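# Results of the structural survey
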Amino acid sequence: MNIRPYQESDAESVIALWNEVFPNKPSHSSPKLVISQKLAVQPELFYITEIYM
């Protein structure tokens, strides 16, 4: 397992996971919008966990 800061190249994978976990999300919970908002405030606290199997 590896935990690291979010990088722009992670966006596609994060959005795919978001849509799988939250299939019936309300419109205000759009992954692109939420990611953008998070990166605008404390982007250093947005982490990605990579799991190797």
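Here, the structure is the one placed above.
Residues numbered from 1 in each chain as written. Predicted model: local features only at pLDDT ≥ 70, side-chain atom pairs only at ≥ 80, totals over all residues. Heavy atoms only, no water.

### Observations regarding the environment of Val14
If you trace the backbone, Val14 turns up in helix H1 (residues 11-21). The class for Val14 is buried, based on a relative accessible area of 17%. Discounting residues that sit within four places of it in the chain, Val14 has contacts with Tyr6, Ile35, Phe46 and Ile48. (Helix = DSSP H or I, 4+ residues; strand = E, 2+ residues; numbered from the N terminus. Buried < 20%, exposed > 50% of the residue type's maximum accessible area, 1.4 Å probe, protein only. Contact = heavy atoms within 4.5 Å.)

### So, the nonpolar core
If you look at the biggest cluster of nonpolar residues, it comprises seven residues: Tyr6, Ala11, Val14, Ile15, Ile35, Phe46 and Ile48. At three residues, the largest contribution of residues to this core is made by H1. If we ignore the near neighbours within four places in the chain, the residues touching Tyr6 are Ala11, Val14, Ile35, Leu39, Phe46, Tyr47 and Ile48. (Core = buried A, V, L, I, M, F, W, Y, C linked by side-chain atoms within 4.5 Å.)

### Let's talk about the packing of H1 against helix H2 (residues 31-40)
Packing of H1 against H2 brings their axes to within 10 Å, and their N-to-C directions diverge by 125°. Classed by the angle they form, the pair H1 and H2 counts as oblique. The element H1 and its partner H2 pack so that their crossing is right-handed. Taken together, the residues of H2 that come into contact with H1 (itself represented by Val14, Ile15, Trp18 and Asn19) are Pro31, Lys32, Val34 and Ile35. Here the residues of the contact of H1 with H2 are counted per class, giving six nonpolar, one polar and one charged. (Axes fitted to C-alpha atoms, helices over the stretch in contact; angles between N-to-C directions. Parallel < 35°, antiparallel > 145°, perpendicular 65-115°, else oblique. Left-handed = near helix turned anticlockwise from the far one by under 90°. Nonpolar A, V, L, I, M, F, W, Y, C, P; charged D, E, K, R; others polar.)

### Focus on the environment of Lys25
Relative to the helices and strands, Lys25 is located in the loop between H1 and H2. In this structure Lys25 touches Trp18, Asn19, Ser30 and Pro31, once residues within four positions along its chain are discounted.

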